There are 2 protein chains.
Amino acid sequence: MSLLVVGSVAFDSVETPFGHRPEVLGGSATYFSAAASFFGPVRLVAVVGDDFPEAEVAFLAERGVDVTGLTRRAGRTFRWKGRYDFDLNNAHTLETHLNVFADFNPVLPDGYRDSEFVFLANIDPDLQRTVLDQVRSPRLVACDTMNFWITSKRESLLKTLKRVDLLFVNDAEARQLAGEHNIVKAARAILTYGPRALVVKRGEYGALFFSGEQVFAASAYPLPALFDPTGAGDSFAGGFMGYLARTGKLEPAVMRRAIVLGGVVASFAVEQFSLDRLRSLTPDEIRVRYAEFKQLSHFDDLELDLFPAGS
Amino acid sequence: MSLLVVGSVAFDSVETPFGHRPEVLGGSATYFSAAASFFGPVRLVAVVGDDFPEAEVAFLAERGVDVTGLTRRAGRTFRWKGRYDFDLNNAHTLETHLNVFADFNPVLPDGYRDSEFVFLANIDPDLQRTVLDQVRSPRLVACDTMNFWITSKRESLLKTLKRVDLLFVNDAEARQLAGEHNIVKAARAILTYGPRALVVKRGEYGALFFSGEQVFAASAYPLPALFDPTGAGDSFAGGFMGYLARTGKLEPAVMRRAIVLGGVVASFAVEQFSLDRLRSLTPDEIRVRYAEFKQLSHFDDLELDLFPAGS
């Protein structure tokens, strides 16, 4: 089924304790598209400047990403510069240059308007609704957001959430959005804002999925070599949404597999800088790591005669 | 099979965002004993002052805890005062009064020397070895420790670890002990210090188990009401060791169930202050929550035709 993503395509300059990479491919829509492309085609809406290399457009197109919606404008492409310390769970933004992204006005090519699965990456919630106004009758709309929008455009974000089926946030964002420290209570509050389901991303600790009374806890794959967490959340969302669009199903068991696959693809994405690991990743590697996740978290039922008499 | 614990019995004064409880029952050996007692008898070695109520001794004895090794000395019982903020993962110690615990010299009653399963709670590593010198031929020795011993008595701790099969620590302690931030690398390093297995406790994020090449990731049960995290780690160890001693088996599948049961018992312990929830807990509640943990983390295998041709 058709899958649409709207977000950023960028150049990142990243410092981690393991190295430094200046001006490498990044952006929420880029990571999402590459991750989702393992499961089927992706329709991309984003903007780049006249400095964006054709070779990177070709990389996406070869992966099955429809780049009709990738607009090229005069000026420079969005640039982000960030640093991670040994605690790779937190990015420290050093510089943000929106450049052509400052005037991003997402316009969907006519051929995108029948998209059934929609992912609104972390952009201004006003723009997220502009996108939804252009999609005819999506089956599932998911969105991401961040602390900046939660504090500076809360009312607009709440308007967007009323039109969203599934929200992806991290622990801190969920707590901030709900104004509640306990993550279960925060999730229950957020599910009253509009979304039918919530994915709480917890970095190296995995992810929680909440929908109605259902809770699913996915562990993260413990990685001996984690090089660059940039794009982990968008890769997670890409694996998740790519799988849903591939199967076309939304029942609980499918959602659970989607979350694990999101974690699988994200676990690869962080093994190298930029999208480098996603460029070399194969479906077989995804299959093998999915089986490893299953082995990692499997345990048997309890024995029936466990407790001593009278305890 | 026989299970021995050596540690502290104390009075805690605890402040959390949800309330304040002065002078309530606490201590590592207390939480451990109560948690393990669901699965079978426990032999306790600890010291209390002449202010310790007979009613609390009776509570432990009624739960099947052998209190022959609970020594009463002139003076006051160990007291700890601590505070938790909304981030309930970290305790802030306000006061520690060792009192009679300052001269704790664990002497095992003769009837304890054949103990097969031994848990050395978080005490001076010199004392931990004193205990081991008195146990004839244990099948499994587990120990806990903390940042204080890792920094101030590292050499002694390393001597203890050479005689230990299983170490329980939290994330930060594992990183500090190994001098390595990545948790997988830290675990691999610690497994070269002596222990054959390592449990990394991660509070609300669950636990990781490392042994040889095997890794098991257990999720924590997402609790809407978490009142007092004091004793969570010792309750975890108690559920874990109590189950192992009950089954008498040490194979990987049993270890995994033990970790989940440790998480189950700990998840109850934190629902109320002090040992209050453990006092009312029943085997049926443990069974039901174990099944909920299984449901919480279950996901199916992948479909065979998942990836589009040519991807």
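Just so it is clear, the model here is predicted, and its values are computed rather than measured.

Cut-offs and rules
Residues numbered from 1 in each chain as written. Chains lettered and ligands numbered in written order. Predicted model: local features only at pLDDT ≥ 70, side-chain atom pairs only at ≥ 80, totals over all residues. Heavy atoms only, no water. Helix = DSSP H or I, 4+ residues; strand = E, 2+ residues; numbered from the N terminus. Rg over C-alpha atoms; globule rule 2.2 N^0.38 Å. Contact = heavy atoms within 4.5 Å. Areas by Shrake-Rupley, 256 points an atom, 1.4 Å probe, with all protein chains shown as cover. Least-squares fit on C-alpha atoms with pLDDT ≥ 70 in both. 1 Å grid on protein atoms, 1.4 Å probe; cavity = no way out; pocket = protein on both sides within 12 Å on 5 of 7 lines; lining within 4 Å. Points joined across faces, edges and corners; volume = space filled by probe spheres on them. Nonpolar A, V, L, I, M, F, W, Y, C, P; charged D, E, K, R; others polar. Buried < 20%, exposed > 50% of the residue type's maximum accessible area, 1.4 Å probe, protein only. Pairing = 2+ DSSP bridges. Axes fitted to C-alpha atoms, helices over the stretch in contact; angles between N-to-C directions. Buried area = accessible area lost by both parts, 1.4 Å probe. Salt bridge = Lys/Arg side-chain N within 4 Å of Asp/Glu carboxyl O. Polar contact = N/O pair within 3.5 Å; in protein donor to acceptor, adjacent residues only side chain to side chain. Patch = residues over 30% accessible without salt bridge, like charges linked within 9 Å, V, L, I, M, F, W, Y side chains within 5 Å. UniProt positions renumbered as here; feature names shortened; annotations may be inferred. Right-handed = clockwise from strand over helix to strand, strands pointing away.

S.K.: How would you summarise the overall build of chain A if you had to cite specific residues and measurements?
M.R.: Tallying secondary structure elements over chain A gives 11 helices and 13 strands in all. In summary, chain A has a C-alpha radius of gyration of 19 Å against a globular reference of 19 Å for 311 residues, a match within 12%. Referenced to the eigenvectors of the C-alpha coordinate spread, the extents of chain A come out at roughly 80 × 40 × 35 Å. Once local pairs closer than 6 in sequence are excluded, the contacts in chain A between residues at least 24 apart make up 63%. Carbon and sulfur atoms make up 51% of the accessible area of chain A, which totals about 11900 Å².

S.K.: Talk me through the relation of the copies chain B and chain A; I want residue IDs and the actual numbers.
M.R.: Superposition of chain B onto chain A requires a rotation of 180° combined with a translation of 0.0 Å along the rotation axis, giving an RMSD of 0.0 Å. Taken together, the rotation and translation relating the two chain copies correspond to the operation of a two-fold axis. The overlap is high: 100% of the interface residues of chain B also sit at the interface in chain A, so the same surface is used on both sides.

S.K.: Before we move on, could you go through empty space enclosed by the protein and cite the residues and values that matter?
M.R.: A complete count under the given rule lists 3 cavities of 30 Å³ or more for this structure. Roughly 110 Å³ of volume is contained in the largest cavity. Y205(A), A218(A), S219(A), Y205(B) and S219(B) are, among the 18 residues lining the largest cavity, the residues nearest its centre. Residue assignment for the lining of the largest cavity shows that the elements contributing at least two residues are β12 (207–211) and β13 (214–218) of chain A together with β12 (207–211) and β13 (214–218) of chain B. Grouping the constituent residues of the lining of the largest cavity by class yields 12 nonpolar, 2 polar and 4 charged. The computed volume of the second largest cavity comes to approximately 60 Å³. Every residue along the wall of the second largest cavity is listed here: A217(A), S219(A), S297(A), F299(A), A217(B), A218(B), S219(B), V260(B), F293(B), L296(B) and S297(B). For the lining of the second largest cavity, the secondary-structure elements that each account for two or more residues are β13 and α11 (283–297) of chain B. With 3 residues, α11(B) is the largest single contributor of residues to the lining of the second largest cavity. Looking at the lining of the second largest cavity, its residues break down into 7 nonpolar, 4 polar and no charged.

S.K.: Outline the environment of F236(A), supporting the account with residue identities and numerical values.
M.R.: Here F236(A) shows up in helix α8 (residues 232–247). Note on F236(A): relative accessible area 8%, which makes it buried.

S.K.: Which residues make up the sheet that holds strand β6 (residues 78–84) of chain A, and what values do they have?
M.R.: All names here are of chain A. Spatially, 4 strands are ordered β3-β2-β6-β7 in an open sheet, and the strand pairing comes out mixed. For this open sheet the edge positions go to β3 (19–26) and β7 (91–97), each flanked by a neighbour on one side alone. Strand-to-strand, the axes of this sheet are offset by a mean angle of 15°, without reference to chain direction. Each of β2 (10–16) and β3 is contacted by helix α1 (residues 28–36), which is oriented at about 80° to β3, the strand it contacts most.

S.K.: Can you lay out the interface of chain B and chain A for me, pointing to particular residues and giving the numbers?
M.R.: Each side of the interface is counted separately: chain B has 54 residues, and chain A has 54 residues. Together, the buried faces of chain B and chain A total about 5200 Å²; carbon and sulfur atoms form 56% of this surface. Interface area lost by chain B to chain A is led by Y205(B), F299(B) and F307(B), which between them contribute 15%. For the pair chain B and chain A, the interface holds 6 salt bridges. Summed over the shared surface of chain B and chain A, the number is 30 residue pairs in polar contact (both at pLDDT 80 or more). Only α6 (171–178), α7 (183–190), β13, α8 (232–247), α9 (252–269) and α11 of chain B provide two or more residues apiece to the side of chain B that touches chain A.

S.K.: Give a description of a nonpolar patch on the surface that names residues and reports values.
M.R.: All names here are of chain A. Among the surface-exposed residues, F18, F86 and F227 lie close enough to one another that they form a single nonpolar patch of about 280 Å² accessible area. With respect to the element layout, F227 can be found in the loop between β13 and α8. Using a relative accessible area of 31% as the deciding quantity, one classes F227 as partly exposed.

S.K.: I'd love a proper account of the UniProt feature "domain: Carbohydrate kinase PfkB" (unreviewed entry) in chain A, names of residues and values included.
M.R.: Those places that UniProt annotates as "domain: Carbohydrate kinase PfkB" (unreviewed entry) correspond, in this numbering, to residues 26–272 of chain A. As annotated, residues 26–272 of chain A comprises 37% helix and 24% strand, and the C-alpha atoms at either end are separated by 13 Å.

S.K.: Account for α1(A), naming residues and giving values.
M.R.: Of all 9 residues in α1(A), 9 are buried, a share of seventy percent or more. Inspection of α1(A) places S28(A), A29(A), T30(A), Y31(A), F32(A), S33(A), A34(A), A35(A) and A36(A) among the buried residues, and these make up the whole buried set.

S.K.: Please give an account of the pairing of strand β9 (residues 140–144) of chain A that cites residues and values.
M.R.: Residue and element names in this part refer to chain A. The buried fraction of β9 is high, at 5 of 5 residues. Here β9 shows two buried faces, one formed by L140, A142 and D144 and the other by V141 and C143. Bridge count between strand β8 (residues 117–120) and β9: 4 bridges; the pairing is parallel. Residue pairing across strands places L120 opposite C143, the latter belonging to β9. One crossover worth recording links β8 to the parallel β9 by way of helix α3 (residues 125–134), and it is right-handed.

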